[in-house]
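# Coordinates in review
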Amino acid sequence: MQLVGISASVVVGTLVVVVLWALRRRLRARERDLERRAQELAVSRAAEQRLTEELLDARRAEEAARRAKAEAEAASRAKSAFLANMSHELRTPLNSILGFAQLMERDVSLGDRHRENLAVICKSGEHLLGLVNDILEMAKIEAGRMTLAEADFDLHGMLSGLSEMFAVEAQKRGLTLTVEREPDVPQLVHGDEGKLRQVLINLLGNALKFTPRGSVTLRVWARRSTGIREGDVREGGAHDGATAGRARVSFEVTDTGRGMAEEELAELFEAFAQTASGRRSGEGTGLGLHISRRIVRMMGGDMHVESQPGRGTTLRFDVRLALPDAGARLSAAPRSRRVVGLAPGQPRYRVLVVDDRWDVRHCLLKLLDSVGVEVRSATNGLGAVAQWETWSPHLVLLDLRMPLLDGYEAASRIKSSPRGRETVVVAMTASAFEQNRSLAAEAGCDDFVSKPFRDADIFNLLTKHLGARFEHEDRAAASPSAPAPAARSVDLARAAAELPPSLRKDLRRAATRLDARAVQAAIEQFRPEDAELAGAVAELARGYRFDSILALSSADEEEPS
C-alpha cells in the first residue's frame, strides 16, 4: 500500500508538473500573442499618425495649389490687361504717324525731296510697327490669348501678292526671287490667311536680309486627302492631314546666303535668340521665328531648318488647310492703287468718325474729305448717338475705347432701332486681342478694322458696305520716288563686284556710317566708268537704303565654305 501511495503521489506530482508546464507554455504563448498584438497596435497607431499627417499635408498642398491657381489667374488677368493697354498705347500713336504720312503722300504739290523724307518716315513706322507686333504676339502667346481667325481665302493670290511685295526689295539687293508653286496646290482654302502670310513674310524677309548675293526661292506643294489612309495615324490619334476635305500644304524658303553653324541651329527658334548674322545686322527682336513656329504648330504643322555655313539656309514648314465646298467662289481682291476720288454718278456718302483722340479723328476727316466723302466727327459714344440721330450717316467708324460711353454701348444703342440696323457701324480698335471682333459683333457692329489702318482699308470698307466706286491714279504715273529704270534692270551685285576694292571699301564705310554725302562722293568716283551702276546706287541713297548699299559693297567678300 505504501508503494501504491508513493506511486500515486509520483503520478499526481508528475501530472501537476505537466499541467503547470502546459499552463506556463500557454501563458507564454498568450504573452507572445499579446506582445505581437501590442506591436501591431503600435504599428497601426503609427500608420494612423502618418496617414493623419499625410492627410494634413495633402490638405495644405491642396490649399497651396488653390492659392497658386488664384495667383496665376490673377497674374494672367493682369498680363492680359497690361497687354491690352500697351497695345492701345503703342499702336494708337503709330496709327497717327502712318496715317498722316499717307495723307502727306497724297499732296501732289510735294517735291521729290519731301517724298523721299516721307518714304523714310513710312518705312521707319512700318518697321517699328513690326517690332511692336512681334512683342505683342509674344505676350499673347505667353498669356494663351493667340487664336486663329479662319476664313476662305485665295492661296494663289496671296502667293502672288508676296512675290510682288518682295520683288522690288530683291531687285534693290541684286538678288533673284523665285516663287515656285506645284500644280496640286489648291487655290481656294479655308484657314487663317493673316497668320500664314505673317509667317511667310518673316521667312522671306529674313532670307533677303541675310543673303548678300544669289537667290531666294519659295516653293509650295500640297497633298490632298478625302479620307484617312492606312499608315497615316500618328501618336495620340493624329494623322497626316488626311481628313476629308483637307490638304497639307508645305512651304520651303531657300536662300544662298551665309548659312548658319550647327550650334546656332539649336537655339534658332528660341525667344529673343539671334544668330551671328542677326546680331551684326542690329535689326529685329529675335522673336520672328519663335512666333512663326508657334503659329505653324497652331495650324497643325511644324517648322524645320537645314543650313550649312557658306551654303545657305532652308526653312521648311507645313500647315493643314481645309478645302471649301466646290460651290464656293473666289472674290477677286482689288489691285492696290491709290484712290484719288469718288467715281462720278454716285450719291454723297456721309461718314461719322467717332474717336476720343483728336489726331485719329483729324486724319480720317482729312482722308475722307480728300476723296469727296461728306464727314463729321464725335469724341465719345454719347456724341456718336446724337450725331447719328440728327445727321443719319451711311457709315459710322466707331472707336471701342472711349470715355462717358464706349463704342460697344454706342453700337448697341444705334443698332437697337430699325433705322439703326440700316446704318453700317464699323468698330475701330488698337487692341491686339482678336476677341474684340466677337465682342464688337455681339454689340451689333457690321465690321472691324484694327489700328493702325491704311487708307486702302478705309476705302475698301466704303466699297464693301456702301458700294462706293473710286477713281484710282494711273500706274503709269509713277511716283518720283519709284526706283529708276537703271535700278530695276542692272545686275547690281555683278556690277558692284567689278569696282576697284578701294572704291568698294569707301562705299562700304560710308554706308556703315549712314553718311549720304560720303556715299555720294564714292558714287562720283566711279560714275565715269559705270554711269548705270552709279545711277542705281544713287537711287538707293536717295531712298536711304544704306542696308542695300552695304550688301552691294560687300558683294566681293567670299563666303566661308
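An account of the accompanying structure is given in this report. (Residues numbered from 1 in each chain as written. Predicted model: local features only at pLDDT ≥ 70, side-chain atom pairs only at ≥ 80, totals over all residues. Heavy atoms only, no water.)

### Remarks on the packing of helix α9 (residues 381-391) against helix α10 (residues 407-415)
Spelled out, the test is: Interaxial angles span 0 to 180 degrees and are taken between N-to-C directions of axes, which are lines fitted to C-alpha atoms, for helices over the stretch in contact. The way it works is that DSSP assigns letters per residue, a run of H or I at least four long becomes a helix, a run of E at least two long becomes a strand, and they are numbered from the N terminus. The labels follow the angle: roughly parallel below 35 degrees, roughly antiparallel above 145, roughly perpendicular from 65 to 115, and oblique for the rest. What makes a crossing left-handed is the near helix being turned counterclockwise from the far one by less than a right angle; a clockwise turn instead makes it right-handed. Contacts between residues were defined by any pair of non-hydrogen atoms, one from each residue, lying within 4.5 Å. Three categories are distinguished: nonpolar for Ala, Val, Leu, Ile, Met, Phe, Trp, Tyr, Cys and Pro, charged for Asp, Glu, Lys and Arg, and polar for the others, with Gly belonging to the last.
At their nearest, the axes of α9 and α10 sit 9 Å apart, and the two run at 20 degrees to each other. Of the possible angle classes, the one that applies to α9 and α10 is roughly parallel. The two elements α9 and α10 meet at a crossing, and its hand is right-handed. Touching Gly381, Leu382, Val385 and Trp388 of α9 are Ala410, Arg413 and Ile414, all from α10. Each residue belonging to the contact of α9 with α10 can be placed in one class, and the counts come to 5 nonpolar, 1 polar and 1 charged.

### What to know about unusual backbone geometry
This is how it is decided: Relative accessibility under 20% of the residue-type maximum defines a buried residue, over 50% an exposed one, and the middle range a partly exposed one, all with a 1.4 Å probe and only protein chains included.
Phi at Ser392 takes a positive value of approximately 55 degrees, unusual for a residue other than glycine. With respect to the helices and strands, the residue Ser392 is situated in the loop between α9 and β11 (395-399). On the basis of relative accessible area, Ser392 is assigned to the partly exposed category, the value being 29%. Backbone geometry places Leu404, a non-glycine residue, at a positive phi of 65 degrees. If you trace the backbone, Leu404 turns up in the loop between β11 and α10. Judged by relative accessible area, Leu404 falls into the exposed class, the value being 69%.

### Focus on the packing of aromatic side chains
The criterion, for reference: Pairing of aromatic rings covers Phe, Tyr and the six-membered ring of Trp, with a centre-to-centre limit of 6.5 Å; geometry is then stacked below 30 degrees between planes, edge-to-face above 60, and tilted otherwise. A positively charged side chain is recorded as over a ring if its NZ (Lys) or CZ (Arg) lies within 6 Å of the ring centre. The angle to the ring normal must also be within 35 degrees.
Applying the stated criterion to the full structure yields 2 aromatic pairs. A ring pair is formed by Phe251 and Phe317, whose centres lie 4.9 Å apart and whose planes are at 15 degrees; its orientation type is stacked. Highlighted residues: Phe251 in strand β5 (residues 246-255) and Phe317 in strand β7 (residues 312-322), separated in sequence by 66 residues. For Phe251, a relative accessible area of 0% puts it in the buried group. The interplanar angle of 50 degrees and the centroid separation of 5.2 Å between the aromatic rings of Phe459 and Phe470 together place this pair among those described as tilted. Here Phe459 is found in helix α13 (residues 455-466), whereas its partner Phe470 is found in strand β14 (residues 470-472), with 11 residues between them in sequence. The class for Phe470 is buried, based on a relative accessible area of 12%. When the ring centre of Trp388 is taken as reference, the NZ or CZ atom of Arg419 above it lies at 4.2 Å.

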